[in-house]
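Observations on the three-dimensional arrangement
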Amino acid sequence: MTVHSFQEHFDKKIDGDVAIEPRDWMPDDYRKTLIRQISQHAHSEIVGMLPEGNWISRAPSLRRKAVLLAKVQDEAGHGLYLYSAAETLGITRDELYEQLHSGKAKYSSIFNYPTLTWADMGAIGWLVDGAAIMNQVPLCRCSYGPYARAMVRVCKEESFHQRQGYEIMLTLANGAPMQKKMAQDALDRWWWPSLMMFGPPDAESGNTEQSMRWRIKRLTNDELRQKFIDVTVEQANILGLTIPDKDLKWNEERGHYDSGAINWDEFWNVVKGNGPCNKQRLDTRKKAWADGQWVRDAAMAHAEKRKARKATAKAA
Amino acid sequence: MAQQTTNKNEWPLWEVFIRSKAGLDHKHAGSLHAADAEMAIENARDVYTRRMEGVSIWVVESTNIHASDPGDAESLYDPANDKIYRHPTFYNLPDAVKYM
Amino acid sequence: MNDQKALLQYTLRLADDGLILGHRLSEWCGHGPILEQDIALTNTALDHLGRARSLYQYAAALFNTLPEADKATFFTSVSLQKEVSEGTAIDEDDLAYLRDGWDYRNVLLVERPNEDWAYTVARSFFYDAFNSLFFKELAKSNDESLAAIAEKSLKEVTYHLRWSSEWCVRLGDGTDESHARMQQAINELWAYTGELFTMNDADAAVAAQGIGMDLAALRPQWKELVALVFDEATMAMPADAWMHTGGKDGRHTEYLGYILAELQFVQRAYPGMEW
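Below is a short write-up of the structure. Because the structure is predicted, anything quoted here is derived from the model rather than measured.

**Thoughts on the overall build of chain A**
Along chain A, the regular secondary structure elements total 12 helices and 2 strands. In sequence order, the secondary structure elements of chain A are arranged as α-α-α-α-α-α-α-α-α-β-β-α-α-α. Relative to its length of 316 residues, chain A is compact, with a C-alpha radius of gyration of 22 Å against a globular reference of 20 Å. Dimensions of chain A, computed from C-alpha atoms along their principal axes, come out at roughly 75 × 50 × 35 Å. In chain A, which comprises 316 residues, the share counted as buried stands at 58%. A separation of at least 24 residues holds for 76% of the contacts in chain A among residues at least 6 apart in sequence. As presented, chain A carries roughly 13,500 Å² of accessible surface, and 55% of it is formed by carbon and sulfur atoms. Distance from the positive charge centre (44 side chains) to the negative charge centre (41 side chains) of chain A: 8 Å.

The following block contains the structure:
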């Protein structure tokens with residue numbers, strides 16, 4: 001087959017919704033785009049452990065502590081599934097870490113915001129996981145098999161994450177006035193960054209068109225964002241909390257909520273590294289990795305010693 | 001494939017297969033890194049059976065998996081296409097025959 | 001000390017051990033040397049925390065049925081005494097979040113800081129080896145609740161011990177650096193292993209009732225278990241010298257205060273609320 005016919009074969013599969021598997025021929029750009037997107041997603045899970053991990057030691061009840069610990073652990077698991085999916089494309093996890101640590105690879109900017117009160121655990125579960133699920137569900141049908149399968153597993157496990165967050169918000173909203181204030185404060189701080197999680201507006205999103213064509217992406221940033229706003233407004237009403245957007249109102253004609261302008265300058269500023277916690281998050285990851293080097297080396301050295309001993313025993 | 005730079009110190013990659021309950025086949029669950037086989041099994045238990053998904057685990061070092069070339073797919077699998085007699089639905093049985 | 005108070009004290013200690021070790025291990029979450037082990041250690045942290053909760057729930061039930069006079073003086077915590085004087089039944093969270101350090105009964109070993117992977121492994125290994133023997137005995141306890149908790153814990157502990165033994169061997173018989181770090185961790189934590197086998201009043205009282213056991217009698221088996229792993233790990237067993245004690249009687253190291261300051265912060269800053 002010529003490259004041309006490889007390409008044709010690939011296109012036919014994409015158009016016919018036939019999954020692309022690791023050993024199938026694929027265009028270089030498709031591979032690169034996938035590595036970029038999957039690893040960015042994996043990095044987000046791993047860095048995303050940190051803002052919530054902050055509160056494991058301070059969770060206000062034993063039940064909340066166990067749930068939060070299990071949730072942050074799930075995020076480690078999700079990172080692992082995603083790194084594995086990226087590894088099927090011919091890149092190692094070590095290389096992906098290197099890209100993260102050097103700043104070459106990005107992760108979701110939302111995790112560069114600080115978690116200041118216990119209510120932030122509620123807001124993150126409710127809003128950040130809610131937005132993530134909105135993003136991830138269509139990815140279960142993404143054209144690349146290993147990525148789609150990883151997302152199926154992630155989505156299945158993630159269903160409890162948003163619920164536990166909303167439950168925290170509900171408890172606070174129905175609690176003492178001070179607790180309700182804490183919940184409102186968390187909503188005020190996390191609302192806009194959550195909307196930014198869907199990425200820049202379609203008009204400015206360079207990658208969207210090609211990714212849609214390749215069926216790596218199924219819905220545009222703005223479509224997903226709108227969906228999120230529509231369902232979340234109702235949930236905020238049930239909590240009796242106010243979404244911090246004075247332009248938010250139902251548009252009968254569109255059948256959607258209209259909302260105020262997002263501050264994209266803030267978004268790009270955080271992406272560029274100027275968020276409240278960018279340096280702290282990355283430094284923490286780098287430190288964990290560097291501190292773990294001797295541990296990883298020791299395990300490898302021991303495995304090799306054992307192998308060698310086994311071989312000697314066999315020979316004798 | 002992209003250039004695979006091997007880091008001598010990176011723990012090898014393992015493929016994990018899990019039997020979700022007695023009587024079923026082991027099914028590919030995903031992969032993970034581990035220094036040796038024992039650790040790979042334990043890691044698999046901790047990573048892939050956190051929600052009681054398994055009763056038995058197999059691990060195989062990924063480099064030991066030999067895969068068919070997708071380019072050969074036609075010669076390997078197409079011949080089976082016309083042997084539908086291997087599929088149970090090929091046989092018409094009266095509705096009264098149950099549980100077959 | 002009467003029987004029920006002794007049983008309560010004993011149950012609380014087992015719960016405190018689980019909570020504090022679980023808390024320490026959970027500090028690794030997000031900071032482990034590799035993702036797979038981050039997940040593994042968190043599973044163990046969850047096991048310890050889960051066991052602690054069962055034990056606290058049982059301890060709360062024991063406390064709530066004490067005579068009023070005993071209730072009023074059992075804990076030194078003002079917040080707990082206030083609840084008691086108002087006639088409120090206490091629960092697992094009251095026990096975890098409202099007692100100060102001198103009412104905590106965990107052994108000193110579990111509050112030692114994580115330091116590095118070698119200290120974490122050594123601390124877990126010493127404790128897991130003890131637990132594997134302890135819960136096997138406790139599963140035969142006259143006290144049905146403790147026996148049931150022990151039965152369930154035994155399965156978890158078996159896995160914990162496997163994990164910590166294997167890591168002890170990996171680090172001990174790994175690189176020169178890991179060998180040195182592992183030996184240092186063992187040497188430093190050794191002085192905190194003696195307390196696992198000491199008998200305080202509560203231990204003696206529950207042993208006499210057939211609920212607990214003679215802890216000192218477990219030590220030879222424990223040393224055998226440890227020696228077996230050390231041998232494979234090429235680790236030297238430290239000589240028995242001075243052993244630190246006090247945790248079981250509420251006299252802790254400075255570390256516990258900081259753990260509790262974090263653990264109890266929200267409940268202390270915003271008292272009397274549901275979370």
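**Considering empty space enclosed by the protein**
Any empty space left between the atoms is revealed when a probe the size of a water molecule rolls over them. In this structure the tally under the stated criterion is 2 cavities of 30 Å³ or more. Empty space within the largest cavity amounts to approximately 70 Å³. Lining the largest cavity are Arg13(C), Leu14(C), Asp17(C), Val107(C), Tyr127(C), Phe130(C), Asn131(C), Phe134(C), Leu196(C), Leu215(C) and Lys248(C). Of all the elements in the fold, those that place two or more residues in the lining of the largest cavity are α1 (3–26) and α7 (117–138) of chain C. When residues in the lining of the largest cavity are grouped by element, the largest group, 4 residues, is from α7(C). Quantified by volume, the second largest cavity comes out at close to 50 Å³. Surrounding the second largest cavity, Arg93(A), Asp94(A), Trp289(A), Arg296(A), Asn9(B), Glu10(B), Trp11(B), His33(B) and Ile34(C) form its lining. The residue inventory of the lining of the second largest cavity, partitioned by class, reads 3 nonpolar, 2 polar and 4 charged.

**Remarks on the packing of aromatic side chains**
Inspection of the entire model under this criterion finds 34 aromatic pairs over all chains. Judged by centre distance (4.9 Å) and plane angle (75°), the rings of Phe10(A) and Tyr30(A) are edge-to-face. Placement of Phe10(A) in helix α1 (residues 3–15) and of Tyr30(A) in helix α2 (residues 28–53) is noted, with a sequence separation of 20 residues between them. Neither Phe10(A) nor Tyr30(A) differs from the other in exposure class; each is buried. Ring centres of Phe125(C) and Phe126(C) lie 6.1 Å apart, and the angle between their planes is 40°; this geometry places the pair in the tilted category. For the pair shown, Phe125(C) and Phe126(C) are each scored as buried. Across the ring face of Tyr81(A), the terminal group of Arg153(A) is positioned such that the distance to the ring centre comes to 5.4 Å. Taking the ring centre of Trp167(C) as reference, the NZ or CZ of Arg170(C) above it sits at 4.8 Å.

**Considering the interface of chain A and chain C**
Of the residues lining the interface, 48 residues belong to chain A; the matching set on chain C comes to 46 residues. Carbon and sulfur atoms supply 69% of the area that chain A and chain C bury against each other, a total of about 4,000 Å² over both sides. Area buried by chain A at its contact with chain C is led by Leu62(A), Gln73(A) and Trp294(A), which between them contribute 21% of it. Our enumeration of links across chain A and chain C arrives at 3 salt bridges. Arg309(A) serves as the salt-bridge partner of Asp173(C), at 2.6 Å between the closest nitrogen and oxygen. On the surface where chain A and chain C come into contact, there are 18 residue pairs in polar contact (both at pLDDT 80 or more). Only α2, α3 (62–87), α4 (93–101), α6 (145–173), α7 (177–196), α11 (278–291) and α12 (293–315) of chain A provide two or more residues apiece to the side of chain A that touches chain C. Tallying contributions element by element places α3(A) first for the side of chain A that touches chain C, with 14 residues.

**Regarding the packing of α2(A) against α4(A)**
Residues and elements named next belong to chain A. In the contact formed by α2 and α4, the axes pass within 11 Å of each other and the chain directions differ by 75°. By the angle between their axes, α2 is roughly perpendicular relative to α4. Contact residues: α2 offers Ile 35, Ser 39, His 43 and Val 47, while α4 offers Leu 96, Tyr 97 and Leu 100.

**Quick look at the sheet that holds strand β3 (residues 56–61) of chain B**
Residue and element names in this part refer to chain B. Within the open sheet, the 3 strands sit side by side as β2-β1-β3. Their pairing is antiparallel. Of all strands in the sheet, those with a lone pairing partner are β2 (26–33) and β3, marking the two edges. Looking at each pair of strands side by side, their axes are set apart by 25° on average, direction ignored. Running over the sheet, helix α1 (residues 37–48) touches β1 (13–19), β2 and β3 and is turned about 105° from β2.

**Quick look at the side chain of Glu42(B)**
Tracing the backbone shows Glu42(B) in helix α1. Given the relative accessible area of 4%, Glu42(B) is considered buried. Apart from the residues within four sequence positions on either side, Glu42(B) is in contact with Tyr159(C), Arg162(C) and Glu166(C).

**Section: the pairing of β1(B)**
Residue and element names in this part refer to chain B. In terms of burial, β1 is largely enclosed, as 5 of its 7 residues are buried. Examined bridge by bridge, β1 and β2 share 7 bridges and lie antiparallel to one another. Paired with Glu 15 across the two strands is Ser 31, which belongs to β2. Counting the residues that bridge the hairpin from β1 to β2 gives 6 residues, and of these Gly 23 lies at a positive phi of roughly 100°. Two elements, β1 and β3, share 6 bridges in a ladder whose sense is antiparallel. Across the sheet, Val 16 pairs through a bridge with Val 59, a residue of β3.

**A short note on unusual backbone geometry**
Backbone geometry places Arg215(A), a non-glycine residue, at a positive phi of 60°. By the secondary structure assignment, Arg215(A) is in the loop between α8 (208–213) and α9 (221–239). Although it is not a glycine, Thr234(C) adopts a positive phi angle of roughly 55°. Within the secondary structure, Thr234(C) sits in the loop between α11 (219–233) and α12 (254–263). Given the relative accessible area of 42%, Thr234(C) is considered partly exposed.

**Here's the deal with the interface of chain A and chain B**
Contact residues are listed per partner, giving 28 residues for chain A and 29 residues for chain B. For the pairing of chain A and chain B, the buried interface totals around 2,400 Å² over both sides, and the portion due to carbon and sulfur atoms is 47%. Of all residues in chain A, Arg23(A), Arg153(A) and Met300(A) bury the most surface against chain B, accounting for 22% of the area lost on that side. For the pair chain A and chain B, the number of links is 3 salt bridges. A salt bridge links Glu38(B) to Arg306(A), with the shortest nitrogen-to-oxygen separation between them at 3.0 Å. Inspection of the chain A/chain B interface yields 10 residue pairs in polar contact (both at pLDDT 80 or more). Residue assignment for the side of chain A that touches chain B shows that the elements contributing at least two residues are α3, α4, α6 and α12 of chain A. Among the residues forming the side of chain A that touches chain B, the class breakdown is 8 nonpolar, 7 polar and 13 charged.

Definitions and cut-offs
- Residues numbered from 1 in each chain as written.
- Chains lettered and ligands numbered in written order.
- Predicted model: local features only at pLDDT ≥ 70, side-chain atom pairs only at ≥ 80, totals over all residues.
- Heavy atoms only, no water.
- Helix = DSSP H or I, 4+ residues; strand = E, 2+ residues; numbered from the N terminus.
- Rg over C-alpha atoms; globule rule 2.2 N^0.38 Å.
- Buried < 20%, exposed > 50% of the residue type's maximum accessible area, 1.4 Å probe, protein only.
- Contact = heavy atoms within 4.5 Å.
- Areas by Shrake-Rupley, 256 points an atom, 1.4 Å probe, with all protein chains shown as cover.
- Lys, Arg positive; Asp, Glu negative; His and termini not counted.
- Charge placed at Lys NZ, Arg CZ, Asp CG, Glu CD.
- 1 Å grid on protein atoms, 1.4 Å probe; cavity = no way out; pocket = protein on both sides within 12 Å on 5 of 7 lines; lining within 4 Å.
- Points joined across faces, edges and corners; volume = space filled by probe spheres on them.
- Nonpolar A, V, L, I, M, F, W, Y, C, P; charged D, E, K, R; others polar.
- Phe/Tyr/Trp six-rings, centres within 6.5 Å; stacked < 30°, edge-to-face > 60°.
- Lys NZ or Arg CZ within 6 Å of the ring centre and 35° of its normal.
- Buried area = accessible area lost by both parts, 1.4 Å probe.
- Salt bridge = Lys/Arg side-chain N within 4 Å of Asp/Glu carboxyl O.
- Polar contact = N/O pair within 3.5 Å; in protein donor to acceptor, adjacent residues only side chain to side chain.
- Axes fitted to C-alpha atoms, helices over the stretch in contact; angles between N-to-C directions.
- Parallel < 35°, antiparallel > 145°, perpendicular 65-115°, else oblique.
- Pairing = 2+ DSSP bridges.

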